[in-house]
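Examining the three-dimensional arrangement
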Amino acid sequence: MAKLLRTTVAAGAVAVLAFASTSAGAADTGGLPYPSTTGVGVHNAYEKATFPYFADALDSGAGMLELDVWTNVFGASWRVSHSNPLGNDNNCANAATVSQLRTNAKNRDLAGCLTDLRTWHDAHQDHRPVVIKIEMKDGFQGQAGRGPAALDTLLNSKLGDALYRPADLVGDRADLDQAAQAGAWPTRAQMTGKFIVELIPGTVEEQNPLDTLWTDREYATHLRDLKAAGRLSEAAAFPAVHKAAAGDPRTRYTDATIRPWFVFFDGDASAYAAGTIDTAWYAQRNYFLLMTDAHNVPPAIDGTSPTEQQARDRLTLLAQRNASLISADWRALPTVLATVVPRG
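Quantities reported herein were computed from a predicted structural model and do not represent experimental measurements. (Residues numbered from 1 in each chain as written. Predicted model: local features only at pLDDT ≥ 70, side-chain atom pairs only at ≥ 80, totals over all residues. Heavy atoms only, no water.)

All right, on to the environment of Leu 317 then. Checked against the element boundaries, Leu 317 lands in helix 11 (residues 308-320). With 141 residues separating them along the chain, Leu 317 and Leu 176 place their C-alpha atoms 28 Å apart. (Helix = DSSP H or I, 4+ residues; strand = E, 2+ residues; numbered from the N terminus.)

Here's what the structure looks like:
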């Protein structure tokens, strides 16, 4: 994967272009419920080969940025890396000031990446809503002090009022599902200046035969129990049902009491686009549907540098398939990353 080289001046120009593009599209989408719009995200936005700094990812205009997090007991803290489970390998700078976003040393832990988010947010408080997708590579590790409650504490301490939380959607209703189906989502315009954290199980976790409690089930159980205790406001993230499936994918959970705590669904775009899954089911219930690897939908296009028209055509196709977000590695197409269209 070729590195995208960008100077500070160029990054600023891209930021201006991205915000202008977002503003131009807002007239059509700002009044729609947030999941009823379709944006474009970047896979593994924390990698230095994708963006020199995480601030560049934030300036790109993308509606979703992904972080891979490791929690195992053999390393300290919450590590952000694609393949190193023991250390940090990323473009985060732990920047306490805007001037540090592209000058501090890189390779920070999750707290450092979140500090970048907050610093950037404080300088752009009218920014587009951004989903921060966290793949928990090896799942939660409560025995190492890195369980769901500890993640909530970290997210809340770093992002604070910049977070849109499960309690914000639930309001006075029983659970996330009831709130979503009642149309409780704010409009896209009302989500201005917010980050939304989505959690999915990680590739290592899903392949570990000894791990019987994956991230999705563990965090949904955490939400259910917090609500029962009157403490849902402490929760900082939304668990997602991972991988596309026909019908209601939540039936995979044998504990029916956690099913209403899933309103985020995350799977391969090719599966959703093939016609065997009724994606209108998600739109009718106001669920948030993220389609990954958008470039692989037949006919496949380049995953990094398609033409702008190819990327826009793919966005149009998957919006018609009821995606709320699509993702690929189109980092070199800021005007596409900043584009938002109505879904359906």
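Another point: the packing of helix 3 (residues 110-123) against helix 4 (residues 148-159). Between helix 3 and helix 4, whose axes approach to 9 Å, the crossing angle comes to 30°. Considering their axes alone, helix 3 and helix 4 lie roughly parallel with respect to each other. Pair helix 3 / helix 4 crosses with right-handed handedness. Across the interface between the two elements, Leu 110, Ala 111, Leu 114, Thr 115, Leu 117 and Arg 118 from helix 3 touch Leu 151, Leu 154, Leu 155, Lys 158 and Leu 159 from helix 4. Taken together, the residues of the contact of helix 3 with helix 4 sort by class into 8 nonpolar, 1 polar and 2 charged. (Axes fitted to C-alpha atoms, helices over the stretch in contact; angles between N-to-C directions. Parallel < 35°, antiparallel > 145°, perpendicular 65-115°, else oblique. Left-handed = near helix turned anticlockwise from the far one by under 90°. Contact = heavy atoms within 4.5 Å. Nonpolar A, V, L, I, M, F, W, Y, C, P; charged D, E, K, R; others polar.)

With that settled, consider a nonpolar patch on the surface. A surface patch of nonpolar side chains, amounting to about 350 Å² of accessible area, comprises Val 73, Phe 74 and Leu 86. Judged by its relative accessible area of 70%, Phe 74 falls in the exposed class. (Patch = residues over 30% accessible without salt bridge, like charges linked within 9 Å, V, L, I, M, F, W, Y side chains within 5 Å. Areas by Shrake-Rupley, 256 points an atom, 1.4 Å probe, with all protein chains shown as cover. Salt bridge = Lys/Arg side-chain N within 4 Å of Asp/Glu carboxyl O. Buried < 20%, exposed > 50% of the residue type's maximum accessible area, 1.4 Å probe, protein only.)

Turning our attention to the state of the cysteines. One covalent bond between the sulfur atoms of two cysteine residues makes up a disulfide. Tallied over the entire structure, the rule returns 1 disulfide. Disulfide partner of Cys 92: Cys 113, at an S-S distance of 2.0 Å. Because the torsion about its S-S bond is 100°, the bridge between Cys 92 and Cys 113 counts as right-handed. Linking Cys 92 in the loop between strand 3 (79-80) and helix 3 with Cys 113 in helix 3, this pair joins segments that are 21 residues apart in sequence. Each of the two residues, Cys 92 as well as Cys 113, counts as buried. (Disulfide = S-S within 2.5 Å.)

Looking now at the packing of aromatic side chains. Each pair of aromatic rings is reported with the distance of its centres and the angle of its planes. Summed over all chains, the structure comprises 16 aromatic pairs. Ring plane angle 5° and centroid distance 6.3 Å describe the contact between Tyr 164 and Phe 238, whose orientation is recorded as stacked. Here Tyr 164 is found in the loop between helix 4 and helix 5 (166-170), whereas its partner Phe 238 is found in strand 6 (residues 237-242), with 74 residues between them in sequence. A relative accessible area of 0% places Phe 238 in the buried class. Taking the centre distance of 5.3 Å and the plane angle of 35° together, the rings of Phe 265 and Tyr 287 count as tilted. Taken together, the positions of Phe 265 in strand 7 (residues 264-268) and Tyr 287 in the loop between helix 10 (280-284) and strand 8 (288-292) put the pair 22 residues apart, joining distant regions of the chain. On the basis of relative accessible area, Phe 265 is assigned to the buried category, the value being 1%. An aromatic cluster of three or more residues is present, and its members are Tyr 34, Tyr 164, Trp 185, Phe 238, Phe 264 and Phe 288. (Phe/Tyr/Trp six-rings, centres within 6.5 Å; stacked < 30°, edge-to-face > 60°.)

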